[in-house]
Amino acid sequence: MKIAVEKGQEKPLLADGRQQVTITDIEEGSSEYKGIPFFAVRFENDEGYVSHRFYQSEAGMPAIIGLFEEVGIDAKAGKELDTKQLMGKELTIEVGERSYTDPETQSERTLKQAVNFLVS
């Protein structure tokens, strides 16, 4: 079997802690369980990368607004935000792990992501 390695896939996950990163990729999708729209941001530097999903829901809006404001894009009521504006932006994130219960299997899963955008 031949397996192609695409650009950026050779990098490891970022170590936990504060990291200066650049937003290098944004993908859109819907959550597997409830179909909630999200965009996944790839935060990257020379040491590695981490991805984080931002869910477009009432509970997820503080994290989305926080991301845009962190890169200097003002998020005001009545304004429409475009994820394309995030590409190439630099910021400092806090990398860590988050555990949750998978709704389908009821098993615990752990993700490495940007923890400064988690919503309680």
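Everything quoted here is computed from the prediction, not taken from an experiment. (Residues numbered from 1 in each chain as written. Predicted model: local features only at pLDDT ≥ 70, side-chain atom pairs only at ≥ 80, totals over all residues. Heavy atoms only, no water.)

## A short note on the packing of aromatic side chains
Here is step 1 of the chain: Scanning all chains against the criterion turns up four aromatic pairs.
Here is step 2 of the chain: Ring centres of Phe39 and Phe54 lie 5.3 Å apart, and the angle between their planes is 15°; on these two criteria the pair is classed as stacked. With a gap of 15 residues between them, Phe39 in strand 2 (residues 37–45) and Phe54 in strand 3 (residues 48–55) connect regions that are remote in the sequence.
Here is step 3 of the chain: Looking at Phe54, the relative accessible area reads 1%, which means it is buried.
Here is step 4 of the chain: Here the aromatic rings of Phe43 and Phe117 are separated by 6.3 Å at their centres, their planes lie at 5°, and the arrangement is stacked. One end of the pair, Phe43, is in strand 2; the other, Phe117, is in the segment after strand 5 (108–114), and 74 residues separate them in sequence. Take Phe43 and Phe117: they sit in the same class, and that class is buried.
Here is step 5 of the chain: Here the aromatic cluster, defined as three or more aromatic residues joined through ring pairs, consists of Phe39, Phe43, Phe54 and Phe117.
Here is step 6 of the chain: In this structure, Arg42 packs its charged tip against the face of Tyr49, placed 3.8 Å from the ring centre. (Phe/Tyr/Trp six-rings, centres within 6.5 Å; stacked < 30°, edge-to-face > 60°. Helix = DSSP H or I, 4+ residues; strand = E, 2+ residues; numbered from the N terminus. Buried < 20%, exposed > 50% of the residue type's maximum accessible area, 1.4 Å probe, protein only. Lys NZ or Arg CZ within 6 Å of the ring centre and 35° of its normal.)

## Let's talk about the nonpolar core
Here is step 1 of the chain: The biggest cluster of nonpolar side chains holds 21 residues, and the ones touching the most others in it are Phe43 and Leu67.
Here is step 2 of the chain: Broken down by secondary-structure element, the contributors of at least two residues to this core are strand 1 (17–30), strand 2, strand 3, helix 1 (61–70) and strand 4 (90–101).
Here is step 3 of the chain: The biggest single contributor to this core is helix 1, with four residues. (Core = buried A, V, L, I, M, F, W, Y, C linked by side-chain atoms within 4.5 Å.)

## Observations concerning the pairing of strand 4
Here is step 1 of the chain: By the bridge criterion, six bridges tie strand 1 to strand 4 in an arrangement that is antiparallel. Counterpart to Thr22 in the pairing with strand 4 is Glu90.
Here is step 2 of the chain: Between the antiparallel neighbours strand 4 and strand 5 lie six residues, among them Gln106 with a positive phi of about 65°. (Pairing = 2+ DSSP bridges.)

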